[in-house]
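Chains, contacts and geometry: an overview
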Amino acid sequence: MRKTVTGLALLAAAVLLTGCGSDSGKGGGGKADGTGAKGAASQGPSPAAKAPDAKTGADSATHSVTLEVSGQGKTQIMYNAETSGFEPQTLPWTKTETVKLIGAEQKAGRLLTVVPGSIQGADGALQQAPCVIKVDGKQVADNDGGKNPKGCLYRLK
């Protein structure tokens, strides 16, 4: 239990550092590892729409990102994509956003995260709720049905 709480605290700090520091929607410069539960690391999906950003004039790439948490009941969910939050949700839960990578984010990437809280498993014991991250309709990360206490992580480039 202590490892799970410590891991969640570290992940929360990484998410907060990634999302802080700008109203422009750009992620921060945190050094979080962007590997997903199945080893999906720093490779973004194939071609994304690229167009100059209206505010900066820099090239941008746009992706549809879907965050999912399955299960039944209610649990806390912490997430970070185009927006971020930490709030109680009724399961199953889905959030789809358009994420726009601008300038250096296309090379460095932006960390996408979903960290679900606990739900009651089939055996009656508490376990982390299963989560999935999809980019442009393709699954890029999961937490192995709730077995990986880090939740779902993916670095979008």
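Residues numbered from 1 in each chain as written. Predicted model: local features only at pLDDT ≥ 70, side-chain atom pairs only at ≥ 80, totals over all residues. Heavy atoms only, no water.

**As for the overall build of the protein chain**
Looking only at helices and strands, one finds 2 helices and 9 strands in the protein chain. When the helices and strands of the protein chain are listed from N to C terminus, the series reads α-β-β-β-α-β-β-β-β-β-β. With 157 residues in all, the protein chain has 39% of them scored as buried. Within the protein chain, residue pairs in contact and separated by at least 24 positions form 57% of the contacts whose partners lie at least 6 positions apart. Total accessible area computed for the protein chain in this model is approximately 8,800 Å², and 54% of it derives from carbon and sulfur atoms. (Helix = DSSP H or I, 4+ residues; strand = E, 2+ residues; numbered from the N terminus. Buried < 20%, exposed > 50% of the residue type's maximum accessible area, 1.4 Å probe, protein only. Contact = heavy atoms within 4.5 Å. Areas by Shrake-Rupley, 256 points an atom, 1.4 Å probe, with all protein chains shown as cover.)

**Some details on the state of the cysteines**
Applying the stated rule across the entire model yields 1 disulfide. Bridging Cys 131 to Cys 152, the disulfide has an S-S length of 2.1 Å. Because the torsion about its S-S bond is 110 degrees, the bridge between Cys 131 and Cys 152 counts as right-handed. One end of the pair, Cys 131, is in strand β7 (residues 131-135); the other, Cys 152, is in strand β9 (residues 152-156), with 21 residues separating them in the sequence. (Disulfide = S-S within 2.5 Å.)

**Describing the pattern of salt bridges**
What the rule picks out here adds up to 4 salt bridges. Residues Glu 82 and Arg 110 are paired through a salt bridge, measuring 2.9 Å at the closest nitrogen-oxygen approach. With Glu 82 in the loop between β2 (59-80) and β3 (84-102) and Arg 110 in strand β4 (residues 110-116), the pair connects residues that are 28 residues apart, well separated along the chain. Relative accessible area serves as the criterion here: at 3%, Arg 110 is assigned to the buried category. Each of the salt bridges in this network shares a partner with another, and the network as a whole consists of Glu 82, Glu 105 and Arg 110. (Salt bridge = Lys/Arg side-chain N within 4 Å of Asp/Glu carboxyl O.)

**A short note on the packing of aromatic side chains**
Under the defined criterion, the tally for this structure stands at 1 aromatic pair. Summarising the aromatic geometry, the rings of Tyr 79 and Trp 93 are spaced 5.5 Å apart at their centres and angled 40 degrees between planes, so their arrangement reads as tilted. Of this pair, Tyr 79 sits in strand β2 while Trp 93 sits in strand β3, and the two are 14 residues apart along the sequence. By relative accessible area, which is 6% here, Tyr 79 ends up buried. (Phe/Tyr/Trp six-rings, centres within 6.5 Å; stacked < 30°, edge-to-face > 60°.)

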